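# Residue-level structure breakdown
Each chain, letter by letter, is given below.
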Amino acid sequence: MPPIPNDEALDYLLAASGLDLNPDQKADLKTTFEALAAMKARVRQPRGNMAELAHTFGFTEEDL
Amino acid sequence: MIPTMAEAARLIAAKKLSPVELTKACLERVHAMDGTLHAFVLLTEERALAEARAAEAEIMRSGPRGPMHGIPIGLKDIVDTKGLRTASQSKILQENVPVADAACAVRLAAAGSVMMGKLTTHEFADGGPSFDLPAPPARNPWNPDHFTAGSSSGTGAAVASGMILCGIGTDTGGSIRGPAALCGIAGIKPTYGLVSRAGVAPAAFSLDHIGPMAWTAEDCAIMLQVLAGHDPRDPASADRPIPDYTAGLGSGLKGVRVGVIRHFHETDHKVAAPTQLGIGNTVSVLRDLGAQVVDVTLSPLQDWHACGSLISITERATAYEEWARTRLADFGERVQRRLMLGALVSGVDYVQAVRRRRELRAELQAAMRGLDIVITAGAPDEAPKMDAIPRWDVFAAPGFTMPFNVAGYPAICVCSGFGPGGLPVSVQMVGKPFQEATVLRVADAFEKATSFRDSRPAMVPQNVAAMAN
């Protein structure tokens, strides 16, 4: 399970995002930590080499 | 009866139905019901009547341009309309008057449709129902105490109640198919890139789709014919030939191969008995019509939901980053919460979700080899009450629609019956990329073999509805 942020880490993440939340909003957000971590756990798994973003950009004559 | 768009088009072409009278009948229904349903945020009555008169004059002079000529429609209020306020149900955009129409609005106008107004949406096509926005949320015509689903809530309510014959919805995780399911209509999310998103407010770039919502699958086919096509103003627009979406309707289902993703609705998120019954009946009807039916297994619904939700949270936080930093309090509470979540999803989380998406798409592609469509639920049950939607609905039980936003595959929800509360239940049919014609053909055959299109919500005034007979 991905780590759940403590109060200090939450403040850092919010500051880094530029979000200014009041104490009630922070408390509300904390109620999602476990559900969000469970969601992340479903995608944060080892994957094969075909599982990459692999942009092809759709090059056309205009790129030449 | 209120005519379907196909019926109205035939009558208009035969000069047996006046677009002006049809528009007046729709307007009468708006005046009778919208005080309760709140499907419209902006009713453009004078414009509608003027467009109907112009359509009628042109049709009398030289015949209809096509089956949407003279047909009353509505546009979800995240669709730009030149000179008409497009507020996305947000305090932030109350003064926003676009200088140009969105691509889908241009196409519908060119087809000669009659624009009735702007339809209620959840704020920026997210969250809902919300009671802290500039306008109230739309309500379900089958029972106004109940939810329409969203975010194309006004389109769902307006089509089901016959205020319009069809309308534009948008779908990032189910916002066309959810309201279609709960309001008992048809709504198709086309293949990603088939319909231009130019001029429509984004929700999550790689999951956003524009599509038709109407009373029947046949009407969706007619509307999709108008909407589909390449547009260089949409960076994701697909440049490929557009087939005739109505050509195959009525040609039967002999040999059509159907997969049932049974574990989605029987195990991963067990649906209520009426929905289960509706899916079972759908399978029986399709078999009776000649289809071959097999079971299909995919990754658990929860994996699709997690993948789509993490991408959606991050892309939405990206699209609205500046306002989230500077005007967070001006969003409604539900959207504020979604934007707050963006701070908790890291770059690694997002890229891992995109990597998982690639795997899930490959899995669906492999599972559909040898099949034409797959089916599952559209929604778990009849519509819940308006006050029964969780505060953090993204963490509620996984929805049945998100997998096909993750994959980008076309998917339609149609009515598959009614529950004990008198509200509709639905089934979802999913096709391969750009195979909308097949999806619509199967959905149309199902609708025409059943009687679920025969009755409208009880609140629809029958005296007004009889106008087009």
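Residues numbered from 1 in each chain as written. Chains lettered and ligands numbered in written order. Predicted model: local features only at pLDDT ≥ 70, side-chain atom pairs only at ≥ 80, totals over all residues. Heavy atoms only, no water.

## Notes on the pattern of salt bridges
This model, assessed by the stated rule, comprises 29 salt bridges over all chains. The residue Lys-448 of chain B makes a salt bridge to Glu-218 of chain B at a minimum N-O spacing of 3.3 Å. In this pair, Lys-448 of chain B sits in helix 15 (residues 436-449) while Glu-218 of chain B sits in helix 7 (residues 217-227), placing the two residues 230 residues apart along the sequence. Arg-257 of chain B is the salt-bridge partner of Asp-372 of chain B, the closest N and O atoms lying 3.1 Å from each other. Of this pair, Asp-372 of chain B sits in the loop between helix 13 (347-367) and strand 9 (373-377) while Arg-257 of chain B sits in strand 7 (residues 257-260), and the two are 115 residues apart along the sequence. Here Arg-257 of chain B falls in the partly exposed class, since its relative accessible area comes to 32%. The network of salt bridges with shared partners includes Arg-42 and Arg-47 of chain A together with Asp-303, Arg-356 and Glu-359 of chain B. (Salt bridge = Lys/Arg side-chain N within 4 Å of Asp/Glu carboxyl O. Helix = DSSP H or I, 4+ residues; strand = E, 2+ residues; numbered from the N terminus. Buried < 20%, exposed > 50% of the residue type's maximum accessible area, 1.4 Å probe, protein only.)

## Examining the interface of chain A and chain B
The interface of chain A with chain B comprises 28 residues on the first partner and 33 residues on the second. Here chain A and chain B share an interface that buries about 2700 Å² over both sides, 66% of which is from carbon and sulfur atoms. For chain A, the biggest contributors to the area lost against chain B are Met-39, Arg-42 and Val-43 of chain A; these three give 23% of the whole. Joining chain A to chain B, the criterion identifies six salt bridges. Applying the counting rule to chain A against chain B returns twelve residue pairs in polar contact (both at pLDDT 80 or more). Counting residues per element, the ones that place at least two in the side of chain A that touches chain B are helix 1 (7-17), helix 2 (23-30) and helix 3 (33-43) of chain A. Per-element tally for the side of chain A that touches chain B: the top contributor is helix 3 of chain A, with seven residues. (Contact = heavy atoms within 4.5 Å. Buried area = accessible area lost by both parts, 1.4 Å probe. Polar contact = N/O pair within 3.5 Å; in protein donor to acceptor, adjacent residues only side chain to side chain.)

## Side note on the nonpolar core
Generally speaking, soluble globular proteins have nonpolar side chains that are buried together. Residue and element names in this part refer to chain B. Membership of the largest hydrophobic core comes to 164 residues, with the highest contact counts inside it found for Met-68, Ile-412, Met-429 and Leu-440. Examining the composition of this core, we find that eight residues originate from one element, helix 7, more than from any other. Residue contacts for Met-68: discarding those within four places in its chain leaves Met-5, Ile-73, Leu-108, Ala-111, Gly-112, Ser-113, Cys-166, Ile-222, Met-223 and Val-226. (Core = buried A, V, L, I, M, F, W, Y, C linked by side-chain atoms within 4.5 Å.)

## Topic: helix 2 of chain A
Listed in full, the buried residues belonging to helix 2 of chain A are Gln-25, Asp-28 and Leu-29 of chain A. Buried positions in helix 2 of chain A, seen along its axis, are confined to an arc of 100 degrees and lie on one side of it. Seen from the buried face of helix 2 of chain A, the exposed residues on the opposite side, beyond 90 degrees, are Pro-23 and Asp-24 of chain A. Where the residues of helix 2 of chain A are buried, they touch helix 1 and helix 3 of chain A together with helix 12 (333-341) of chain B. You can read the cap of helix 2 of chain A off the contacts: a side-chain oxygen lies 3.1 Å from the backbone nitrogen of Asp-24 of chain A, and it is on Asn-22 of chain A. (Arc of directions from axis to C-beta.)

## Regarding the packing of helix 7 of chain B against helix 15 of chain B
All names here are of chain B. Where helix 7 contacts helix 15, the axes come no closer than 8 Å and their chain directions differ by 150 degrees. Between helix 7 and helix 15, the angle is such that the two are roughly antiparallel. For the pair helix 7 and helix 15, the contacting residues are Ala-217, Glu-218, Cys-220, Ala-221 and Leu-224 in the first and Glu-436, Leu-440, Ala-443, Asp-444, Glu-447 and Lys-448 in the second. Partitioned by chemical class, the residues of the contact of helix 7 with helix 15 number six nonpolar, no polar and five charged. (Axes fitted to C-alpha atoms, helices over the stretch in contact; angles between N-to-C directions. Parallel < 35°, antiparallel > 145°, perpendicular 65-115°, else oblique. Nonpolar A, V, L, I, M, F, W, Y, C, P; charged D, E, K, R; others polar.)

## Some words on unusual backbone geometry
Residue and element names in this part refer to chain B. Each neighbour pair has its own omega, and for Gly-128 with Pro-129 the value is 0 degrees, a cis peptide bond. As for its position among the elements, Pro-129 is in the loop between strand 3 (114-119) and helix 5 (153-160). Looking along the chain, the bond that leaves Gly-150 and enters Ser-151 is cis, with omega of 15 degrees. Position of Ser-151 relative to the elements: it lies in the loop between strand 3 and helix 5. Of note in the backbone geometry, Gln-89 takes a positive phi value of approximately 55 degrees without being a glycine. As for its placement among the helices and strands, Gln-89 is situated in the loop between strand 2 (72-76) and helix 4 (103-110). Among the residues examined, Gln-89 registers a relative accessible area of 4% and is labelled buried. Of note, Ala-125 is a non-glycine position whose phi angle comes to about 60 degrees, a positive value. In this fold, Ala-125 is placed in the loop between strand 3 and helix 5.

## Things to note about the confidence of the model for chain B
All names here are of chain B. Per-residue confidence for chain B averages 97 on the pLDDT scale, and 99% of its residues sit at or above 70. Of the regions scoring below 50 in pLDDT, residues 465-469 engages in twelve contacts with residues more than four places distant in sequence or in other chains. Among the scores for the predicted complex, ipTM is 0.94 and pTM is 0.97. (pLDDT = per-residue confidence, 0-100.)

## A closer look at the pairing of strand 5 (residues 186-189) of chain B
All names here are of chain B. Burial of the side chains of strand 5 extends over both faces: Ala-186 and Ile-188 are buried on one face and Gly-187 and Lys-189 on the other. As paired strands, strand 5 and strand 6 (residues 209-214) are joined by two bridges and run antiparallel to one another. In the strand pairing of strand 6, Ala-186 is matched with Ala-214. (Pairing = 2+ DSSP bridges.)

## A few points about the packing of helix 2 (residues 19-37) of chain B against helix 3 (residues 45-62) of chain B
All names here are of chain B. The geometry of helix 2 relative to helix 3 is characterised by a closest axis approach of 8 Å and an angle of 160 degrees between their N-to-C directions. It follows from the interaxial angle that helix 2 and helix 3 lie roughly antiparallel. Crossing handedness for the pair helix 2 and helix 3: right-handed. Across the interface between the two elements, Pro-19, Val-20, Thr-23, Lys-24, Leu-27 and His-31 of helix 2 pack against Glu-45, Ala-48, Leu-49, Ala-52, Arg-53, Glu-56 and Ile-59 of helix 3. In terms of residue class, the contact of helix 2 with helix 3 is made up of seven nonpolar, two polar and four charged. (Left-handed = near helix turned anticlockwise from the far one by under 90°.)

## Description of the side chain of His-269 of chain B
Residue and element names in this part refer to chain B. Within the element layout of this structure, His-269 appears in the loop between helix 8 (262-268) and helix 9 (273-288). Side-chain polar atoms of His-269 contact the backbone oxygen of Pro-398, separated by 2.7 Å. The residues contacting His-269, other than those within four sequence positions of it, are His-263, Phe-264, Leu-301, Pro-380, Ala-397, Pro-398 and Phe-400.

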